[in-house]
Amino acid sequence: MILKEITIESTHEASELIADILYEATGEGVNIYDKQDLMDLIQSQGFWDYVDKEAFTLDETVYIKAYVKEEELDEKLEKIKEGLNHLKTWSVYPLGSLNMTITDVDDKMWWENWKKTYKPIDCGKLMIVPKWIDEEYPDKIVIKMDPGMAFGSGEHESTRMCLEFLQELKIEGKSVVDVGCGSGILALCAKALGAKDVEAYDIDDIAVTAAKINAKENGFDDIVIENSNLLEKANKTYDIVLANITSEVLKMLAKDLRKYVNNEGVVIISGILESLEHEVLKAFLDLGFEVMMRKHKGEWTAFKLKVNNGN
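Residues numbered from 1 in each chain as written. Predicted model: local features only at pLDDT ≥ 70, side-chain atom pairs only at ≥ 80, totals over all residues. Heavy atoms only, no water.

> Which residues make up the state of the cysteines, and what values do they have?
The final tally for this structure, using the stated rule, is 0 disulfides. With no disulfide partner, C189 has as its closest neighbouring cysteine sulfur the one in C123, 7.1 Å distant. For C189, a relative accessible area of 0% puts it in the buried group. (Disulfide = S-S within 2.5 Å. Buried < 20%, exposed > 50% of the residue type's maximum accessible area, 1.4 Å probe, protein only.)

And the structure:
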């Protein structure tokens, strides 16, 4: 299948902001090609076992890429342009040229190139491992992942913060729902950490398919995974509600999250740009939530919330 590759030229400072716009518009995986990230990694003497040699020849321009089906191109482009125009009005970061190019790419070629860059990710008790890598990690809970074009490989800061929160909770025997589940990574990790009843919902067919494949790969056939617009198919309350989605959607979803979390339950929200955290948090505080903990990585913020029952 031929996909349309959308590339936007920007800066190191604005790359995550633009990646968020592309993800919100397309619902698919987004790649950032940034020479500065590679230089930072080398200088920190961090671990890396694969780097595309072309990365060393990149100029200072950062390239953010997203992929869409040809028949969806016009609709997605309209959303992307709207997001970029909004970004221009409020961003405090240099945005660069924001030049956009669209090219054809074979989905098989894209997949093979992406596989080279996706390596095991150490997340505390958890090790997120691409399913095509056959390695053992005896001291870790291993989750095999094949996110495909769905969001949720474990690499993004917003996902990592959710995984940290999950490991800090007493999750054994609890009920969990993952709203906007993407690849299913949070739902799978919740199950692996001991959650009893786990449900996962996403409006995107690609995400639902990926999540079901990943659940089967890890032997979690009892996770309920369905196509749903947010929580419209939920029919009970939960001990833990996970929502790693965009700021605008979180504000819209706040009322439903209040409705579907147990009075003693916890809501974890992530995917919030630091510049937007106050307006997102206000939407939840106005509904009677209170902050239990805040996490921050890069330009992203996550919160662990509970319902204020007057205690």
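> Tell me about helix 8 (residues 247-260), and name the residues and values.
In a regular helix each residue adds 1.5 Å, so 14 residues correspond to 20 Å; helix 8 covers 19 Å between its end C-alpha atoms and thus fits that length. Considered for burial, the residues of helix 8 that qualify are S247, L250, L253, A254, L257 and Y260. Looking at the buried residues of helix 8, the elements they touch are strand 8 (175-179), strand 11 (238-244), strand 12 (261-273), helix 9 (277-285) and strand 13 (289-297). (Helix = DSSP H or I, 4+ residues; strand = E, 2+ residues; numbered from the N terminus. Expected span 1.5 Å × (residues − 1). Contact = heavy atoms within 4.5 Å.)

> Describe in detail the environment of G265, supporting the description with residues and values.
Checked against the element boundaries, G265 lands in strand 12. Relative accessible area serves as the criterion here: at 3%, G265 is assigned to the buried category. G265 sits 26 residues away from D239 along the chain, and the two C-alpha atoms are 4.4 Å apart. Those residues in contact with G265, other than ones at most four positions away along the chain, are D239, L305, K306 and V307.

> So what's going on with the sheet that holds strand 4 (residues 100-106)? Residues and values would help.
The strand order 2-3-1-4 describes an open sheet built from 4 strands, whose pairing is antiparallel. Each of the sheet's edge strands pairs with one partner strand only, and the pair in question is strand 2 (30-33) and strand 4. Across the sheet, the mean angle from the axis of one strand to that of its neighbour is 25°, orientation sign disregarded. Where strand 1 (residues 2-10) and strand 3 (residues 62-69) come together, 8 bridges link them in antiparallel fashion. Considered in strand 3, the bridge of E5 is made with Y67. Across the sheet, helix 1 (residues 15-26) is in contact with strand 1, strand 2 and strand 3; its angle to strand 3 comes to roughly 5°. (Pairing = 2+ DSSP bridges. Axes fitted to C-alpha atoms, helices over the stretch in contact; angles between N-to-C directions.)

> Just give me the short version of unusual backbone geometry, but keep the residues and values in it.
Its identity as a non-glycine residue notwithstanding, L98 has a phi of 60°, on the positive side. Judged by its relative accessible area of 12%, L98 falls in the buried class.

> Account for the pattern of salt bridges, naming residues and giving values.
Evaluated as defined, the whole model comprises 15 salt bridges. Note that K4 is salt-bridged to D104, the shortest N-O span being 2.6 Å. Of this pair, K4 sits in strand 1 while D104 sits in strand 4, placing them 100 residues apart in sequence. Here K79 makes a salt bridge to E75, at a shortest N to O gap of 3.8 Å. (Salt bridge = Lys/Arg side-chain N within 4 Å of Asp/Glu carboxyl O.)

> Quick one: what's the story with the sheet that holds strand 13, residue by residue and with numbers?
If you trace the 7 strands from one edge of the open sheet to the other, you get 10-9-8-11-12-14-13, paired in mixed fashion. Two strands lie at the open edges of the sheet, namely strand 10 (224-227) and strand 13, each paired on one side alone. In this sheet, neighbouring strand axes are inclined to one another by 15° on average, regardless of whether the strands run parallel or antiparallel. In this structure, strand 8 lies alongside strand 9 (residues 197-202), joined through 5 bridges in parallel fashion. Bridging across to strand 9, D178 finds its partner in A200. Contacts from helix 7 (residues 205-217) reach strand 9 and strand 10 within the one sheet, and its direction differs from that of strand 10 by about 165°.

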